[in-house]
Amino acid sequence: MSLSHALLTSLLEKSSSGYDLARRFDKSIGYFWHATHQQIYRELGRMEEALWIESVTAPDAGKTRKRIYSVLPQGRAELQRWAAEASPVMDLRDELTVRLRADAVIGPLGTAAELQRHIVLHQASLERYREIEQRDFPPDRPQTRRTRINHLILRKGMLYEESSIRWAREMLGVLLEEDGAAD
């Protein structure tokens, strides 16, 4: 996936200035596709050159260079083309797991503290996702197809965090075993 496809999706949801797009991105797609604001602005320039998007001076721009970006038909066609492609299975690269393998080979390396830190981080992410779920998907509010899809995307993140916490706690139990039994 490229950043341009994530930005096209976000702009189809709502035309925005670069600044507003970057802020919205951080609070939505940014949970599973990371990009700096600088990367977003560079990509907007490339997308405009490719005629996937256009920008106009914002009515409230004043003396600033604020522009409002929107998707052109070529951009919608590109997003449809890309969405029809097969997507690869997520490539998991996890430095902590490699450290734990080293711990298994060399012996106790003090990775328990790092694992505990990861548990705290996963718990914080899970709590943030739960707050978003309560705010955006209350059980008494009818959901459209779009909101059900977005809710299930959020649930995927929640399930990831929950399983990461369970796994890390199980691993922590092994790391903290007192008998230190050797293989």
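Anything mentioned here points back to the structure above.
What counts and how
- Residues numbered from 1 in each chain as written.
- Predicted model: local features only at pLDDT ≥ 70, side-chain atom pairs only at ≥ 80, totals over all residues.
- Heavy atoms only, no water.
- Pairing = 2+ DSSP bridges.
- Helix = DSSP H or I, 4+ residues; strand = E, 2+ residues; numbered from the N terminus.
- Contact = heavy atoms within 4.5 Å.
- Axes fitted to C-alpha atoms, helices over the stretch in contact; angles between N-to-C directions.
- Core = buried A, V, L, I, M, F, W, Y, C linked by side-chain atoms within 4.5 Å.
- Buried < 20%, exposed > 50% of the residue type's maximum accessible area, 1.4 Å probe, protein only.
- Polar contact = N/O pair within 3.5 Å; in protein donor to acceptor, adjacent residues only side chain to side chain.
- Parallel < 35°, antiparallel > 145°, perpendicular 65-115°, else oblique.
- Left-handed = near helix turned anticlockwise from the far one by under 90°.
- Nonpolar A, V, L, I, M, F, W, Y, C, P; charged D, E, K, R; others polar.

Next up on the list: the sheet that holds strand β2 (residues 53–57). Reading across the sheet, the 3 strands line up as β1-β3-β2 and stay open at both edges, with antiparallel pairing between neighbours. The open sheet terminates on both sides in strands that have one partner only, identified here as β1 (16–17) and β2. Bridge count for β2 against strand β3 (residues 67–71) is 5 bridges, and the pairing is antiparallel. Bridging across to β3, Thr57 finds its partner in Arg67. Helix α1 (residues 3–13) rests against β1, β2 and β3 of the sheet, and its axis sits at about 100° to β3. Sitting on the sheet, helix α3 (residues 37–49) is in contact with β2 and β3, with an inclination near 110° to β2.

Attention now goes to the nonpolar core. If you look at the biggest cluster of nonpolar residues, it comprises 18 residues, and the most contacted ones within it are Leu7, Leu8, Leu11, Phe25, Ile40, Leu44 and Ile53. Counting only elements with at least two residues in this core, the list comes to α1, α2 (18–26), α3 and β3. When residues of this core are assigned to their parent elements, the largest contribution, 5 residues, is made by α1. With residues near it in sequence (within four places) discarded, Ile53 still touches Leu8, Leu11, Leu44, Met47, Glu48, Tyr69, Ser70, Val71 and Leu72.

A few words now on the side chain of Glu133. By secondary structure assignment, the location of Glu133 is in helix α6 (residues 111–136). Within the structure, the side chain of Glu133 is placed 2.7 Å from the side chain of His151, a separation counted as a polar contact. For Glu133, the contacting residues outside a window of four places in its chain are Pro138, His151, Leu154, Arg155 and Met158.

For any two helices packed against each other, the geometry is given by the interaxial angle and the distance between the axes. Relative to each other, α1 and helix α4 (residues 73–83) sit at 120°, their axes nearing to 10 Å. Here α4 runs oblique to α1, going by the angle between their axes. Considering the relative orientation of α1 and α4, their crossing is left-handed. Seen from α1, the contacting residues are His5, Leu8, Thr9 and Leu12; seen from α4, they are Gly75, Arg76, Glu78, Leu79, Arg81 and Trp82. Across the contact of α1 with α4, the residue classes tally to 4 nonpolar, 3 polar and 3 charged.

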